[in-house]
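# Structural overview
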Amino acid sequence: KAGVTQTPRYLIKTRGQQVTLSCSPISGHRSVSWYQQTPGQGLQFLFEYFSETQRNKGNFPGRFSGRQFSNSRSEMNVSTLELGDSALYLCASRDSSTNEKLFFGSGTQLSVL
Amino acid sequence: AQSVAQPEDQVNVAEGNPLTVKCTYSVSGNPYLFWYVQYPNRGLQFLLKYITGDNLVKGSYGFEAEFNKSQTSFHLKKPSALVSDSALYFCAVREGGTDKLIFGTGTRLQVFP
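The paragraphs below set out a description of the structure included in this document.

The rules we used
- Residues numbered from 1 in each chain as written.
- Chains lettered and ligands numbered in written order.
- Predicted model: local features only at pLDDT ≥ 70, side-chain atom pairs only at ≥ 80, totals over all residues.
- Heavy atoms only, no water.
- Phe/Tyr/Trp six-rings, centres within 6.5 Å; stacked < 30°, edge-to-face > 60°.
- Helix = DSSP H or I, 4+ residues; strand = E, 2+ residues; numbered from the N terminus.
- Buried < 20%, exposed > 50% of the residue type's maximum accessible area, 1.4 Å probe, protein only.
- Lys NZ or Arg CZ within 6 Å of the ring centre and 35° of its normal.
- Contact = heavy atoms within 4.5 Å.
- 1 Å grid on protein atoms, 1.4 Å probe; cavity = no way out; pocket = protein on both sides within 12 Å on 5 of 7 lines; lining within 4 Å.
- Points joined across faces, edges and corners; volume = space filled by probe spheres on them.
- Nonpolar A, V, L, I, M, F, W, Y, C, P; charged D, E, K, R; others polar.
- Core = buried A, V, L, I, M, F, W, Y, C linked by side-chain atoms within 4.5 Å.
- Pairing = 2+ DSSP bridges.
- Axes fitted to C-alpha atoms, helices over the stretch in contact; angles between N-to-C directions.

### So, the packing of aromatic side chains
Under the definition given, this model contains 16 aromatic pairs over all chains. On the basis of an interplanar angle of 70 degrees and a centroid distance of 5.6 Å, the ring pair of A:Tyr35 and A:Phe45 is categorised as edge-to-face. Here the residue A:Tyr35 occupies a position in strand β4 (residues 31-38), and A:Phe45 occupies one in strand β5 (residues 42-50), the gap between them amounting to 10 residues. Judged by relative accessible area, A:Tyr35 falls into the buried class, the value being 0%. Centroid distance B:Phe90 to B:Phe103: 6.1 Å. Interplanar angle 85 degrees. Geometry classified as edge-to-face. Residue B:Phe90 is found in strand β10 (residues 87-94), and its partner B:Phe103 is found in strand β11 (residues 101-103); the two are separated by 13 residues along the sequence. In this structure an aromatic cluster arises from ring pairing among A:Tyr35, A:Phe45, A:Phe104, B:Phe34, B:Tyr36, B:Phe46, B:Phe90 and B:Phe103. The aromatic ring of A:Tyr10 is capped on one face by A:Arg9, whose charged end is 5.1 Å from the ring centroid.

The structure is reproduced here in C-alpha cells:
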C-alpha cells in the first residue's frame, strides 16, 4: 500500500496570502489528522477528521481550517498568512477499525516571507 | 491536562552501547503512550505503543520501552545502538477517543561510531 501522501512538498508564500495543503491517506484509512511542527513550539495538533466530520480541533486561530472529502482525502487551508505560520505541516492517517497508531506523511514545508 | 516531558534535548551514545531516551507523563486515567522517530526531512515513524498489558513493550528496529506507573515514566531503550539510530525521538500521549497526540519536545539521539 502507498503511504500517506502530502502535496506539495515545499511552498513559499508571502504574508497575507492564503495556502491550501493536500493529504491523501493510506487506502482504507478514514481518520485523518493534521499537525504543525516548528522549532519553537514543537509538534502541535491542528485538526482531526473522520468520515468528512471534524471531530477535534487544536488551539489555533480561525485562519486555520480544514476539510475531508468522501474519499477520505483531506485539505487544510491557512488564510492571511503570517511569518509565524512557517512550519512543517504533517498529515497522519489511521485505520480506525483496527489500529491505534498514526501513519504520518513526509509533510509540507511552508515558508512565509 | 495531559502532557509528556522529555528532559533531555540530546543524548549521545557510542555505537554498540545501550541507549535510553527518557519520557515522563502526566495523565488522568489510563495512559495511551507512544514513541515516534523522525529522520531529517521526513515525517514521523511509529516505533511502539503502550495501551495496556505488559510493562515492557517491544517495537520496531530493536527498540523497547518500559512503562512504569509509579514513576510515571515511559523510557525508550535499545540494548545496542547503531549509527543509523541517530534521529529525533518523540514521546507522545493520546487523548482518549481521539487522534490527538500530545508530543514531548523531542530528544535528539546522536550515535557515534
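Having seen it, we continue.
### Section: the environment of B:Gly104
Residues and elements named next belong to chain B. Relative to the elements of secondary structure, Gly-104 occurs in the loop between β11 and β12 (107-112). Residue class for Gly-104 comes out buried when judged on its relative accessible area of 4%. Separated by 100 residues in sequence, Gly-104 and Val-4 have C-alpha atoms that sit 5.2 Å apart. In contact with Gly-104, other than residues within four places in its own chain, are Val-4, Gln-6, Phe-90 and Cys-91.

### So, the layout of surface pockets
The calculated volume of the largest pocket comes to roughly 480 Å³. Looking at the largest pocket, it is lined by 23 residues, and the ones nearest its centre are A:Gln37, A:Pro39, B:Gln38, B:Leu88 and B:Arg108. Those elements that provide at least two residues to the lining of the largest pocket are β4 and β9 (87-94) of chain A together with β10 and β12 of chain B. When its residues are assigned to classes, the lining of the largest pocket shows eight nonpolar, 11 polar and four charged. Taken as a whole, the second largest pocket spans an internal volume of roughly 200 Å³. If you go around the second largest pocket, the residues you meet are A:Leu43, A:Gln44, A:Phe45, A:Gly58, A:Asn59, A:Phe60, B:Glu95, B:Lys100, B:Leu101, B:Ile102 and B:Phe103. If you list the elements that add at least two residues to the lining of the second largest pocket, you get β5 of chain A together with β11 of chain B. When its residues are assigned to classes, the lining of the second largest pocket shows six nonpolar, three polar and two charged.

### Observations concerning the nonpolar core
In terms of nonpolar packing, the biggest core is built from 27 residues, with B:Leu33, B:Trp35, B:Leu47, B:Leu48, B:Phe74, B:Leu76 and B:Tyr89 touching the most fellow members. When residues of this core are traced back to their parent elements, those giving at least two are β2 (10-14), β3 (19-21), β5 (33-38), β6 (44-50), β8 (64-68), β9 (73-78), β10 and β12 of chain B. With four residues, the single largest contributor to this core is β10(B). Membership of the second largest hydrophobic core comes to 21 residues, among which are A:Val4, A:Cys23, A:Val32 and A:Leu46.

### Some points on the pairing of β10(B)
Residue and element names in this part refer to chain B. With respect to burial, β10 is a largely interior element, eight of its eight residues being buried. Pairing of β5 with β10 involves six bridges; the strand directions are antiparallel. Each residue of the ladder has a partner; that of Leu-33, found in β10, is Val-93. By the bridge criterion, three bridges tie β10 to β12 in an arrangement that is antiparallel. Residue Ala-87 lies in a different strand from β12, and its bridge partner there is Leu-109. With three bridges connecting them, β10 and β11 associate as antiparallel partners. Its bridge partner being in β11, Val-93 is matched across the sheet by Ile-102. Turn length for the β10-β11 hairpin, with the two strands adjacent in sequence and antiparallel, is six residues, and the turn residue Gly-97 shows positive phi of about 75 degrees.

### Thoughts on the sheet that holds strand β3 (residues 19-24) of chain A
Strand pairing in a sheet takes place through backbone hydrogen bonds and is either antiparallel or parallel in direction. Residues and elements named next belong to chain A. If you trace the four strands from one edge of the open sheet to the other, you get β1-β3-β8-β7, paired in antiparallel fashion. Strands with a single pairing partner mark the edges of an open sheet, and in this sheet they are β1 (5-7) and β7 (64-68). Between one strand axis and the next, the sheet turns through 15 degrees on average, direction left out of account. Pairing of β1 with β3 involves three bridges; the strand directions are antiparallel. Bridge pairing in β3 links Thr-5 to Ser-24.

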